[in-house]
Amino acid sequence: MILDKKVAFYTLGCKLNFSETSTIARGFVNEGFQKVAFEEVADIYVINTCSVTDNADKRFKSIVKNALKKNEEAFLIAVGCYAQLKPEELAAVDGVDLVLGATEKFNVTSYLNDLSKNDLGEIHSCEIVDADFYVGSYSIGDRTRAFLKVQDGCDYKCTYCTIPLARGISRSDTLPNVIQNAKEISSKGIKEIVLTGVNIGDYGKGEFGNKKHEHTFLELVKELDKVAGIDRLRISSIEPNLLRDETIDFVSTSNSFVPHFHIPLQSGSDVLLKKMKRRYLTNTYTNRVQKIKEVMPNACIGVDVIVGFPGETDELFLETYTYLNDLDISYLHVFTYSERPNTEAVEFEGVVPKKTRAKRSKMLRGLSAKKRRAFYESQLGTTCTVLFESENKEGYIHGFTENYIKVKTPWNPDLVNTLHSITLTKIDEDGLVRFNFEQEEVLSN
């Protein structure tokens, strides 16, 4: 094995990618490599790719260029979703030496017997049906929170999505392994764990490499709640049809789970939800929001929504806008539809012009800002708990409350990675919330 070499990592895309990059990086360190920041000179650069949007595809080339500027002889490796879907495209990018598909990315160090630059990137890809085994991952990139992967792949067939093609069938980590990873994270002094996966509400499926399973998402949540030393557990994103009443009720009374849900909607039009082959209609989504607010009135609810899907007329877009405007939610993540090869939707009629997509995206982003402001205002005067982050941003330290309100106070390094009881007092000019300390003792350090 090549020793005393420096390796750097860059992650595109989702929390799941971040958890996997962190796991791949630990593999390098265990083999004797020195991990450095991507901005530094390294012998090897590993780029974990995403294929969800056009932007992620295009950014890859600029990241490669930036790496080669630091060291033109560096060995460049591409892994991740884009590497699985379009390995030939990535291998053809000037400077890329190795492309690893879904089954090979966790074995990357075994491909490093020779770090000589290649004229064309070497590809080790697979048929996605072979991606039927599970590799557990978690990220510990910053001191305050970790992303814990509990599930991978997806059995859904949404007409716009390439993720099943890039990540394979739905499969889960074993419950003992998830708990062990959570305990490892806890032992490092990290205060918050964010559960992540492709479709985490499907947790349990594929525990044994087939569709049989012993555990459910609710059982996972209940077991994680017992892990000592974790102050906060956050559910990152869960499909509305898989978010059960029992889970919502448990979160509302749990030790560690916080009142924050991120629930993909994608469209507020039942016509479009059917075209997307989503597994619910708006009445189910409305019911989930109402149930959460019934048992956790101060809960934060985030929403994913796609604009510009084929067949989205002005009337159907306004149906989505009105639906979201009337819904008791806290913020939106707005995605502009982009055509993806090998998806059903790419063949659909009613293509929405790019300018119209951009206009609709801007409208929903404006609605998101309004929703977030209204949610923050509704919480002024309440007492909650803040976990402070580790970065000094222009003389301020930031943090998040359990229900995901972003707060700020003048920089104080003693506050980093500590929990405090606070009362929210006012919204600052930059949209963040100011507060008073409720009590001076530190709740956790």
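Above this text is the structure in question.
Residues numbered from 1 in each chain as written. Predicted model: local features only at pLDDT ≥ 70, side-chain atom pairs only at ≥ 80, totals over all residues. Heavy atoms only, no water.

1. Structural notes on the sheet that holds strand 1 (residues 6-11)
Taking strand neighbours across the sheet as the criterion, the six strands line up as 2-1-3-4-5-6 in an open arrangement whose pairing is parallel. This sheet does not close on itself; its edge strands, each paired only once, are strand 2 (34-36) and strand 6 (122-124). Averaged over neighbouring strand pairs, the angle between their axes works out to 25° when direction is ignored. Across six bridges, strand 3 (residues 44-49) lies against strand 4 (residues 75-80) in parallel orientation. Looking at strand 4, one finds that isoleucine 44 is bridged to phenylalanine 75. Lying on the sheet, helix 1 (residues 15-30) is in contact with strand 1, strand 2, strand 3 and strand 4; it crosses strand 1 at an angle near 175°. (Pairing = 2+ DSSP bridges. Helix = DSSP H or I, 4+ residues; strand = E, 2+ residues; numbered from the N terminus. Axes fitted to C-alpha atoms, helices over the stretch in contact; angles between N-to-C directions. Contact = heavy atoms within 4.5 Å.)

2. Here we look at the packing of aromatic side chains
All told, the structure shown has 15 aromatic pairs when counted by the stated rule. For the pair phenylalanine 9 and phenylalanine 28, a centre-to-centre distance of 5.5 Å together with 75° between the ring planes defines the contact as edge-to-face. With phenylalanine 9 in strand 1 and phenylalanine 28 in helix 1, the pair connects residues that are 19 residues apart, well separated along the chain. The exposure class assigned to phenylalanine 28 is buried, which follows from its relative accessible area of 0%. An angle of 40° between the planes, with centres 6.1 Å apart, marks the rings of tyrosine 331 and tyrosine 404 as tilted. (Phe/Tyr/Trp six-rings, centres within 6.5 Å; stacked < 30°, edge-to-face > 60°. Buried < 20%, exposed > 50% of the residue type's maximum accessible area, 1.4 Å probe, protein only.)

3. Digging into unusual backbone geometry
Positive phi, close to 80°, is recorded for glutamine 266, a residue that is not glycine. Topologically, glutamine 266 is positioned in strand 13 (residues 260-266). In this structure, asparagine 417 takes a positive phi of about 60° despite not being glycine. Looking at the secondary structure, you find asparagine 417 in the loop between strand 18 (406-410) and strand 19 (419-427). For asparagine 417, a relative accessible area of 7% gives the class buried.

Such coordinate-based values are descriptive only and should not be taken to indicate function.
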